[in-house]
Amino acid sequence: EPEVTQTPSHQVTQMGQEVILRCVPISNHLYFYWYRQILGQKVEFLVSFYNNEISEKSEIFDDQFSVERPDGSNFTLKIRSTKLEDSAMYFCASSEQGTNTGELFFGEGSRLTVL
Amino acid sequence: AQSVTQPDIHITVSEGASLELRCNYSYGATPYLFWYVQSPGQGLQLLLKYFSGDTLVQGIKGFEAEFKRSQSSFNLRKPSVHWSDAAEYFCAVGAGNQFYFGTGTSLTVIP
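Attention here is on the structure that accompanies the text. Note that the structure is a prediction, hence the values are computed from the model and not measured.

## What about the nonpolar core?
In step 1: In terms of nonpolar packing, the biggest core is built from 27 residues, with Leu 19, Trp 35, Leu 47, Leu 48, Phe 74, Leu 76 and Tyr 89 of chain B touching the most fellow members.
In step 2: Looking at this core, the elements with two or more residues in it are β2 (10–14), β3 (19–21), β5 (32–38), β6 (45–50), β8 (64–68), β9 (73–78), β10 (87–95) and β12 (105–110) of chain B.
In step 3: The element contributing the most residues to this core is β10 of chain B, with five residues.
In step 4: Excluding residues within four positions of it along the chain, Leu 47 of chain B makes contact with Trp 35, Tyr 36, Val 37, Gly 59, Ile 60, Lys 61, Phe 63, Leu 76 and Tyr 89 of chain B.
In step 5: Core analysis: the next-biggest nonpolar cluster, separate from the first, contains 22 residues, Val 19, Ile 26, Val 47 and Phe 49 of chain A among them.

Here it is as structure tokens:
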């Protein structure tokens, strides 16, 4: 069964460092998403991406964050200068048709720990 | 604004007992509704979804959920809980180009 894969599963970094989280969405999907979950809190929307551009982003997704689809398969989330409060589980998701008509398929997450 | 409320932060049930997890949503139109489960250290797995049609939907692992428009609810049920069902359960609403998640209900299953 096709699945969304994320790497790394866990990354530890120093505050101020750049981090890139990688995702390989399901191959025929067109909509891509990043969500995050701070420990003990709910899953929060960060950004959605369609047709090679951001279609929607939340307040959390400030200038420190960026997303890119560098090739036909990867979808990356970059945090330019990490802060302690960026420590969270980051989930990538993809969808064939977007949230209005299709379900989101989530990866297993990348846990980011900022020291 | 869209929102999802899961009023029960934590529920404990005995193995074999029935389960109901509550979910209420706020959305102007008929939303697309989902239940996801998250086992410790794992990602989000879809249990079931409601888009339209029959308001009682069946999912994986013996779960079902009922959409009640009059109550703006989409409660998750299982007639007999197994120890392996211990996990975090999230209700979600698909609206616009976003998913809105509830805060989750943590389920503990005791022998």
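## Here's the deal with the layout of surface pockets
In step 1: The space that makes up the second largest pocket amounts to roughly 400 Å³.
In step 2: Together, 19 residues line the second largest pocket, and Gln 37, Leu 39 and Gly 40 of chain A together with Gln 38 and Glu 88 of chain B are the ones closest to its centre.
In step 3: With three residues, β10 of chain B is the largest single contributor of residues to the lining of the second largest pocket.
In step 4: Considered class by class, the residues forming the lining of the second largest pocket number seven nonpolar, nine polar and three charged.

## Thoughts on the pattern of salt bridges
Residue and element names in this part refer to chain B.
In step 1: Using the criterion set out here, one finds five salt bridges over all chains in the structure.
In step 2: Here Asp 8 ties to Arg 22 by a salt bridge, and the two come within 2.8 Å at their closest N and O atoms. Residue Asp 8 is located in the loop between β1 (3–5) and β2, and its partner Arg 22 is located in the loop between β3 and β4 (24–26); the two are separated by 14 residues in the primary sequence.
In step 3: By relative accessible area, which is 37% here, Arg 22 ends up partly exposed.
In step 4: The partner of Lys 78 in a salt bridge is Asp 85, with the nearest N and O atoms 2.8 Å apart.

## What to know about the interface of chain A and chain B
In step 1: Contact residues are listed per partner, giving 20 residues for chain A and 20 residues for chain B.
In step 2: With both sides pooled, the region where chain A packs onto chain B buries about 1800 Å², and carbon together with sulfur makes up 50% of that total.
In step 3: In this structure, the connection of chain A to chain B is made through two residue pairs in polar contact (both at pLDDT 80 or more).
In step 4: Those elements giving two or more residues to the side of chain A that touches chain B turn out to be β4 (31–37), β5 (43–50) and β6 (53–57) of chain A.
In step 5: With four residues, the top contributor of residues to the side of chain A that touches chain B is β4 of chain A.
In step 6: Counted by class, the side of chain A that touches chain B contains eight nonpolar, eight polar and four charged residues.

## Remarks on empty space enclosed by the protein
In step 1: Tallied over the full model, the rule gives one cavity of 30 Å³ or more.
In step 2: Its boundaries defined by the atoms lining it, the largest cavity holds a volume of some 40 Å³.
In step 3: Across the lining of the largest cavity, the residue classes break down as five nonpolar, two polar and two charged.

Scoring rules and cut-offs
- Residues numbered from 1 in each chain as written.
- Chains lettered and ligands numbered in written order.
- Predicted model: local features only at pLDDT ≥ 70, side-chain atom pairs only at ≥ 80, totals over all residues.
- Heavy atoms only, no water.
- Core = buried A, V, L, I, M, F, W, Y, C linked by side-chain atoms within 4.5 Å.
- Buried < 20%, exposed > 50% of the residue type's maximum accessible area, 1.4 Å probe, protein only.
- Helix = DSSP H or I, 4+ residues; strand = E, 2+ residues; numbered from the N terminus.
- Contact = heavy atoms within 4.5 Å.
- 1 Å grid on protein atoms, 1.4 Å probe; cavity = no way out; pocket = protein on both sides within 12 Å on 5 of 7 lines; lining within 4 Å.
- Points joined across faces, edges and corners; volume = space filled by probe spheres on them.
- Nonpolar A, V, L, I, M, F, W, Y, C, P; charged D, E, K, R; others polar.
- Salt bridge = Lys/Arg side-chain N within 4 Å of Asp/Glu carboxyl O.
- Buried area = accessible area lost by both parts, 1.4 Å probe.
- Polar contact = N/O pair within 3.5 Å; in protein donor to acceptor, adjacent residues only side chain to side chain.

Read these as geometric descriptors, not functional statements.
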